[in-house]
Amino acid sequence: MGNNDEHLPLFTTTPAKARIPFKFYAHSVFVGICLIFVYRVRYIPAKEEAGRWAWMGMFLSELWFSLYWFVTMSMRWNPIYRRAFKDRLSLRYEKALPGIDIFVCTADPVVEPPALVINTVLSVLAYDYPPQKLAVYLSDDGGSDLTFYAMLEASRFAKTWLPFCKKFKVEPRSPEAYFRTAAEPHGDPVMANDWSSVKKAYENMKQRVETVTKLGQIPEEIRKEHKGFSEWNLVANRRDHQTILQILIDGKDPTALDMEGQSLPTLVYLAREKRPQYHHNFKAGAMNALIRVSSRISNGPIILNLDCDMYSSDSETVRDALCFFMDEEKGHEVGYVQFPYTFENLSKNDLYGGSLNVIMKVDLPGQDGNGGPIYIGSGCFHRRESLCGKKYSEECKKDLMVWNGIMVEESAASVLENTCKILASCTYEEKTLWGKEMGLKYGCPVEDVITGLAVQCRGWRSIYFYPERKAFLGLAPTTLLQTLVQHKRWSEGDFQIFLSRYNPLVSGYKKIPLKLQLSYCPYLLWAPNCLATLYYVAVPSLCLLRGIPLFPKISSAWVLPFAFVIIVHRAYSLGEFIWCGGTFQGWWNEQRIWLFKRISSYVFAFYDNILKLLGLTDVAFAITAKVAESDVSQRNVQEIMEFGASSPMFTIIATLALLNAFCFVGGMKRVIMDLQTWFSNPFTLQILLCALLVIINLPVYQGLFLRKDKGRMPTSVTHWSLMFAVLACALARY
């Protein structure tokens, strides 16, 4: 390596190209919005005229949409993209790489099957990284001996899997994902034999794990295989048990070797103490327990946290992340490096809008350009000291080269297991700063967002990196209800932040740039979007039945700003979606889910936050199922929308779908009876809005009346929604 190469950065930052079309779009839409407001103010009905209040409601809804559009544009104004140079990192620091602690969190062996969990664990155990500097921790908040058994099996299989991955450069290193996609090699007999042998070993292990999971208990002969099973003799239930800590592979033990005689990474199972009288603080509590326990066992200065369904898809991801932390010029400023969410189980046209492509490829780079991305809960590499409450200072630059010197006291695994249990007890955090100034924050369903904000407010910089090869692959929801419940949880937590002292406009004042404060708002304001959307979906249709016009005639020049804003805004959205790798049908599905979320998930999230403010409810956390039944998965592949279960969310969606269908028929009848042309009819835009909503809701009508499979809309939902829709139409007419 030449002298010049020694001074080259480990990463580069590039601003987005071709920003002139975007800025032209933004400025022109802004002008169109202003003209719409001029129309609303100029033609507001007189006090004695019918529809005055409906008109004012439209004005307020459009004002909200405009404000939300403005904060979204401010987030996307200057996106930046990163590039990491792993080759430079290896040349300079291969012998001085820091320790990495990887946290994998699971909470329920039913919705997060152990076979799924261990594939994620095995994928990160097999990272292309010095094994003596790698430690993997599983937090099992379900306290399940089934999950512990699966981890025990994984620790044994790792002795075969890790050398196989290194020898044949396997990608991805989740055995389930690899053997599902890789073809058996035929050219090399040695490799073919090894491949078949390892695949058979994996399938046997998987079968044993799934058999025991289906049985629901550990057979007595298996319980004798490891001392750890005796811990469950004292477990009353998953919410009432002592700390269970087992070091399944001790990386410091010279006898912990794989089949090739190479060292293995450390592997630890932890089920923190749970007692009914103590609040366990959900995933944030689990992460904080892992931070403390790992500090005594391995104390890696870099922490990666992953959800249990998000396996590693690139064995060099750790090195990508370290390019940002170890860059000589700017690395000392970095508190965390966020990688994108990507999913492997999406349907061809992303039926439920689960890809989050626009967020990952447009929004987060925009936030990065404004000062740093938010922390989104998984696939994030943290600097341990920034996560533990340390404020950034110039002194941090001196710490860069001493990472490799961070050591923990050498102790036997059995001693560490006993001494570390207190760190994961219910009472350890009492009268401490854990959950407040140290570790992940407590009291919010989206603890990741406020934790990332706190890190940024302490002066650290966050980085967003979207690698060419996907770093992690997870599982997106495969039913509509799972999608809506997930977004209800996210939007509820985000709005809770907005209403709290953690509001970035308050807590970030003079600590982070204003543009970064605004970058949080598009997500924190998801929930209140329900009000304007519900109004726009329901009121123009009901006013159509009542004969109250709310838009200009097609023949009027005032229709132009409405048409321009709607057409240009949606056309840009379509182009952006396709640029992010989507399809036209995928974009249309995204529009449908956008509507469904706003009239159901966000409604309940908004309502729950109001109840919390009044002290009538407490924080709750819902886990989204990670595995679907075979018939549900088949319908997902066929892109047939899954309703199936009865839910108040479906009742709202179906009621509004039927309401717009009835109003569309009534509007068409009015046009025919009045013998007016489309251009002179004052209700044309309202009829077109109804027609658009009817087209969007076609899968709902099919689920209500045409389908016979298990994924159809439940009969109870059909009856209630029909009754509510008919009642609303009757009240509007009379």
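Keep in mind the model is a prediction, meaning the values are calculated, not measured.

Draft legend 1. How the structure looks around the nonpolar core. Membership of the largest hydrophobic core comes to 116 residues, with the highest contact counts inside it found for Trp161, Leu322 and Phe381. Among the elements that line this core, the one with the most residues is helix H5 (residues 145-168), at 14 residues. Inspection of this core shows a minimum of three residues originating in each of domain 1 (18-76 + 512-733) and domain 2 (84-476). The residues touching Phe381, leaving out its near neighbours within four places in the chain, are Ile302, Ile303, Leu304, Thr317, Val318, Ala321, Phe325, Gly335, Tyr336, Val337, Phe339 and Phe472. Listed in part, the 69 residues of the second largest apolar core include Trp558, Phe577, Ala657 and Leu659.

Draft legend 2. Just the domain arrangement of the protein chain, in detail. Per the domain assignment, the segments making up the protein chain are domain 1 (18-76 + 512-733) and domain 2 (84-476). Here domain 1 and domain 2 have C-alpha centroids that lie 40 Å from each other. Taken together, the contact between domain 1 and domain 2 spans 33 residues of the former and 37 residues of the latter. In total, about 3400 Å² of surface goes out of reach between domain 1 and domain 2, with carbon and sulfur atoms giving 63% of it.

Draft legend 3. Structural context of the side chain of Ser721. Tracing the backbone shows Ser721 in helix H25 (residues 715-733). Look past the residues within four positions of Ser721 in its chain and what remains in contact with it is Thr651, Ala654, Thr655, Leu658 and Leu704.

Draft legend 4. Spotlight on a nonpolar patch on the surface. Together, Leu499, Ile610, Leu613, Leu614 and Leu616 give the surface a local cluster of nonpolar side chains, amounting to about 490 Å² of exposed area. Positionally, Leu614 belongs in the loop between helix H20 (584-613) and helix H21 (630-637). Residue classification places Leu614 among the exposed positions, given a relative accessible area of 60%.

Draft legend 5. Examining the UniProt feature "binding site: UDP-alpha-D-glucose" (unreviewed entry) in the protein chain more closely. Feature annotation in UniProt assigns "binding site: UDP-alpha-D-glucose" (unreviewed entry) to the following positions: Glu112 and Asp141. For this annotated set, covering 30 residues, all C-alpha atoms fall within 11.3 Å of each other, a compact arrangement in space. Along the polypeptide, Glu112 turns up in the loop between strand E3 (100-106) and helix H4 (114-125). Reaching out from Glu112, the side chain makes a polar contact with the backbone nitrogen of Ala107 at a distance of 2.8 Å. With sequence-adjacent residues up to four places away left out, Asp141 is seen in contact with Thr106, Ala107, Arg238, Arg272, Lys274, Phe282 and Ala286.

Draft legend 6. Representation of the pairing of strand E4 (residues 134-140). Where burial is concerned, most of E4 is hidden: seven out of the seven residues are buried. The alternating pattern of E4 places Leu134, Val136, Leu138 and Asp140 on one face and Ala135, Tyr137 and Ser139 on the opposite face, and all of these are buried. Two elements, E3 and E4, share seven bridges in a ladder whose sense is parallel. By the bridge assignment, Thr106 is partnered in E4 with Asp140. Handedness of the crossover is the feature at issue here: the chain leaves E3, passes through H4, returns alongside E4, and the resulting connection is right-handed. Here five bridges tie E4 to strand E6 (residues 266-271), and the two strands are oriented parallel to one another. The partner of Tyr137 across the bridge, within E6, is Val268.

Draft legend 7. Summary view of the pattern of salt bridges. If you walk through the whole model with that rule in mind, you get 33 salt bridges. Salt-bridge contacts for Lys86 lead to Asp320; the nearest nitrogen and oxygen are separated by 3.2 Å. You can see Lys86 sitting in helix H3 (residues 86-93) and its partner Asp320 sitting in helix H10 (residues 317-325), a full 234 residues away along the chain. A relative accessible area of 22% places Lys86 in the partly exposed class. Counted as one network, the salt bridges with shared partners bring together Lys488, Glu492, Asp608 and Lys612.

Draft legend 8. Broad picture of the UniProt feature "active site" (unreviewed entry) in the protein chain. The UniProt entry lists Asp141 and Asp448 under the feature "active site" (unreviewed entry), expressed in the numbering used here. Here Asp141 is to be found in the loop between E4 and H5. With respect to the helices and strands, Asp448 occurs in helix H14 (residues 447-457). Residues within four places of Asp448 in sequence aside, it is in contact with Tyr375, Ile376 and Gly377.

Draft legend 9. Fine view of the sheet that holds strand E7 (residues 302-307). Within the open sheet, the eight strands sit side by side as E5-E6-E4-E3-E7-E10-E9-E11. Their pairing is mixed. Across the chains shown, the open sheet's two edge strands, defined by having one partner strand only, are strand E5 (244-249) and strand E11 (461-464). For this sheet, the mean inter-axis angle between neighbouring strands, taken without regard to orientation, is 20 degrees.

Draft legend 10. Here's a closer look at the environment of Arg592. Inspection of the secondary structure assignment puts Arg592 in helix H20. On the basis of relative accessible area, Arg592 is assigned to the buried category, the value being 6%. Taking the C-alpha atoms as reference, Arg592 lies 9.2 Å from Leu351; in sequence the two are 241 residues apart. In contact with Arg592, other than residues within four places in its own chain, are Met641, Ile695, Ile696 and Pro699.

Draft legend 11. Representation of unusual backbone geometry in the model. In the segment running from Glu171 into Pro172, the intervening peptide bond is cis, with an omega of -10 degrees. Locating Pro172 in the fold gives a position in the loop between H5 and helix H6 (175-181). Positive phi outside glycine occurs at Lys169, with the angle close to 50 degrees. Exposure remark for Lys169: the relative accessible area of 69% places this residue in the exposed category. Non-glycine residue Glu639 carries a positive phi angle of around 60 degrees.

Draft legend 12. Spatial organisation of the side chain of Asn288. Of note, Asn288 is situated in helix H9 (residues 282-297). Excluding its chain neighbours within four sequence positions, the residues that come into contact with Asn288 are Glu429, Trp434, Gly435, Met438, Gly439, Leu440 and Tyr442.

Draft legend 13. Focus on the packing of aromatic side chains. Within the structure shown, the criterion is met by 45 aromatic pairs. Taking 5.9 Å as the distance between ring centres and 20 degrees as the angle between the ring planes, the aromatic pair formed by Phe157 and Trp161 counts as stacked. In this pair, Phe157 and Trp161 both sit in helix H5, four residues apart, roughly one turn of the helix. Take Phe157 and Trp161: they sit in the same class, and that class is buried.

What counts, and at which threshold
- Residues numbered from 1 in each chain as written.
- Predicted model: local features only at pLDDT ≥ 70, side-chain atom pairs only at ≥ 80, totals over all residues.
- Heavy atoms only, no water.
- Core = buried A, V, L, I, M, F, W, Y, C linked by side-chain atoms within 4.5 Å.
- Buried < 20%, exposed > 50% of the residue type's maximum accessible area, 1.4 Å probe, protein only.
- Helix = DSSP H or I, 4+ residues; strand = E, 2+ residues; numbered from the N terminus.
- Domains from an automatic or database assignment.
- Contact = heavy atoms within 4.5 Å.
- Buried area = accessible area lost by both parts, 1.4 Å probe.
- Patch = residues over 30% accessible without salt bridge, like charges linked within 9 Å, V, L, I, M, F, W, Y side chains within 5 Å.
- Areas by Shrake-Rupley, 256 points an atom, 1.4 Å probe, with all protein chains shown as cover.
- Salt bridge = Lys/Arg side-chain N within 4 Å of Asp/Glu carboxyl O.
- UniProt positions renumbered as here; feature names shortened; annotations may be inferred.
- Polar contact = N/O pair within 3.5 Å; in protein donor to acceptor, adjacent residues only side chain to side chain.
- Pairing = 2+ DSSP bridges.
- Right-handed = clockwise from strand over helix to strand, strands pointing away.
- Axes fitted to C-alpha atoms, helices over the stretch in contact; angles between N-to-C directions.
- Phe/Tyr/Trp six-rings, centres within 6.5 Å; stacked < 30°, edge-to-face > 60°.

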